[in-house]
Amino acid sequence: MTWGGVQRDETELIDAARSGDSDAFGQLVWRYRDSVYTLAVRLVGPDLAPDVAQEALIRAWRAMPRFRGEAALGTWLHRITVNTAWTLRKRASRHDAQQLDEMLIDPSTGPERAGELAEVRAELGSAINQLSPGQRAVLVLRDVYGWSHAEVGRELGITQTTAKVRLHRARKRVRAILEETR
Amino acid sequence: MSNVICRLVSMVPSDMPLNRVLEAHRDQCLRCQADVARSTGMSRELSAMGGETLRAPEGLATTVMARLPEQDGSDPRRPLVMRIAVRYSVAAVIGVATVAALIARVLSRRPRG
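Cut-offs and rules
- Residues numbered from 1 in each chain as written.
- Chains lettered and ligands numbered in written order.
- Predicted model: local features only at pLDDT ≥ 70, side-chain atom pairs only at ≥ 80, totals over all residues.
- Helix = DSSP H or I, 4+ residues; strand = E, 2+ residues; numbered from the N terminus.
- Buried ≥ 20, exposed ≤ 12 C-beta atoms within 10 Å, placed from the backbone.
- Contact = placed C-beta atoms within 7 Å.
- Expected span 1.5 Å × (residues − 1).
- Domains from an automatic or database assignment.
- Nonpolar A, V, L, I, M, F, W, Y, C, P; charged D, E, K, R; others polar.
- Core = buried A, V, L, I, M, F, W, Y, C linked by C-beta atoms within 7 Å.
- Axes fitted to C-alpha atoms, helices over the stretch in contact; angles between N-to-C directions.
- Parallel < 35°, antiparallel > 145°, perpendicular 65-115°, else oblique.
- Left-handed = near helix turned anticlockwise from the far one by under 90°.

Q: Residues and numbers for the overall build of chain A, please.
A: If you tally the helices and strands in chain A, you get 9 helices and 2 strands. The order of helices and strands in chain A, counted from the N terminus, is β-β-α-α-α-α-α-α-α-α-α. Burial statistics for chain A: of 182 residues in total, 42% are counted as buried. In chain A, of all internal contacts separated by at least 6 residues, the share reaching a separation of at least 24 is 63%.

Next comes the structure, spelled out in structure tokens:
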């Protein structure tokens, strides 16, 4: 990533963005857009994900002066994305019937492997899609992104116990759906 | 009986330890072992999804940059904080109303002298 011909590291970009430098923020957006979009797709599906990603990045810009660097920028952006997806979940629920095939194909793999993967992931994605928004969020954050129960609870505004119960139910439901389809 | 124990084993979340009886059953029950293998496989598939990054739609970054408002240092978690505050406020109001109703009821039953 260059900046006027000079390599700028992420800390510099963050400092500049915190001071209101929108060009620096633009470079951060460029770096993190795929990761934010991917999480949004997992949480709300491909139809609403661009809106969630956009809104999350705009919220991040507004909040940049508050960013203290206690967590990595990527983690902070993910938290904002989760919150944005969660607050927009009523809109998301209207799109839940949509198939997730589109989100499940990894373009970086070869065509044969991609075909197999796409099939497995399509089944998994379709099963995740049938979960309630609460179960889906817990499953994605814990099992796909590896967040701790404490982080999941904090970000979703629920207790750790609730998070664990939802996760257990979500896993059972996904397994039941997969067993029906396989 | 074995069927019941199989169901008990399946009801315990995978990240919680089983007690000795259930663990001994699982270790010798083919059905439970197949169940554990399916769970492990699913966890692996889910975890693998976390390592993938999807390509954001063309124009996402441009749209974001075109829509940037003034920076105001607002808390991106505010909607969540508000939701929790509202939830606790409602619970507090219900609690106070219940206590007030109970007190009123007790007072109304007291013999007036």
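Q: Summarise helix H4 (residues 73–87) of chain A; cite the residues concerned and give the values.
A: All names here are of chain A. Here H4 spans 21 Å end to end across 15 residues, near enough to the 21 Å set by a 1.5 Å rise per residue. The element H4 is largely enclosed, with a buried count of 11 among its 15 residues. Within the span of H4, buried status applies to Trp-76, Leu-77, His-78, Arg-79, Ile-80, Thr-81, Val-82, Asn-83, Thr-84, Ala-85 and Trp-86.

Q: With reference to specific residues and values, describe the domain arrangement of chain A.
A: Residues and elements named next belong to chain A. Taken domain by domain, chain A comprises domain 1 (7–98) and domain 2 (109–182). For the side of domain 1 that touches domain 2, the secondary structure elements donating two or more residues are helix H2 (22–44), H4 and helix H5 (89–93). At 4 residues, H4 tops the list of elements feeding residues into the side of domain 1 that touches domain 2. Residues that form the side of domain 1 that touches domain 2 fall into these classes: 4 nonpolar, 3 polar and 4 charged.

Q: Lay out the nonpolar core with the relevant residues and their values.
A: If you look at soluble globular proteins, the nonpolar side chains tend to sit buried side by side. Core analysis: the largest hydrophobic core is formed by 56 residues, its most contacted members being Val-36, Tyr-37, Ala-40, Ala-53, Ala-56, Leu-57 and Val-138 of chain A. Ranked by residue count, the leading element in this core is H2 of chain A, at 12 residues. The two domains that each donate at least three residues to this core are domain 1 (7–98) and domain 2 (109–182) of chain A. Look past the residues within four positions of Ala-53 of chain A in its chain and what remains in contact with it is Val-36, Tyr-37 and Ala-40 of chain A together with Ala-56 and Leu-60 of chain B.

Q: Before we move on, can you summarise the environment of Asn-129 of chain A with the specific residues and values?
A: Residues and elements named next belong to chain A. The topology assignment puts Asn-129 in helix H6 (residues 111–129). The class for Asn-129 is partly exposed, based on 17 C-beta atoms found within 10 Å. As for Asn-129 and Arg-142, which are separated by 13 residues in sequence, their C-alpha atoms are 16 Å apart.

Q: Any details on the interface of chain A and chain B? Residues and values, ideally.
A: In this assembly, 44 residues from chain A lie in contact with 35 residues from chain B. Breaking the side of chain A that touches chain B down by element, the ones donating at least two residues are H2, helix H3 (49–63), H4, H6, helix H7 (133–144) and helix H9 (160–181) of chain A. Taken together, the residues of the side of chain A that touches chain B break down into 23 nonpolar, 11 polar and 10 charged.

Q: Account for the packing of H7 of chain A against helix H8 (residues 149–156) of chain A, naming residues and giving values.
A: Residues and elements named next belong to chain A. The interhelical angle for the contact between H7 and H8, taken along N-to-C directions, is 140 degrees, at an axis separation of 10 Å. Classified by the angle their axes make, H7 and H8 are oblique. Every pair of crossing elements has a handedness; the one defined by H7 and H8 is right-handed. Counting all contacts with H7, which are made through Ala-137, Val-138, Leu-141 and Arg-142, the residues of H8 involved are His-149, Val-152 and Leu-156. Classifying every residue of the contact of H7 with H8 by side-chain character gives 5 nonpolar, 1 polar and 1 charged.

Q: Break down the packing of H2 of chain A against H3 of chain A for me, citing the residues and quoting the values.
A: Residues and elements named next belong to chain A. Running from N to C, H2 and H3 cross one another at 135 degrees; their axes reach a closest spacing of 8 Å. Classified by the angle their axes make, H2 and H3 are oblique. Pair H2 / H3 crosses with right-handed handedness. Within the contact between the two elements, H2 uses Phe-25, Val-29, Val-36, Tyr-37, Ala-40, Val-41 and Val-44 and H3 uses Ala-49, Val-52, Ala-53, Ala-56, Leu-57 and Trp-61. Per-class residue counts for the contact of H2 with H3 are 13 nonpolar, no polar and no charged.

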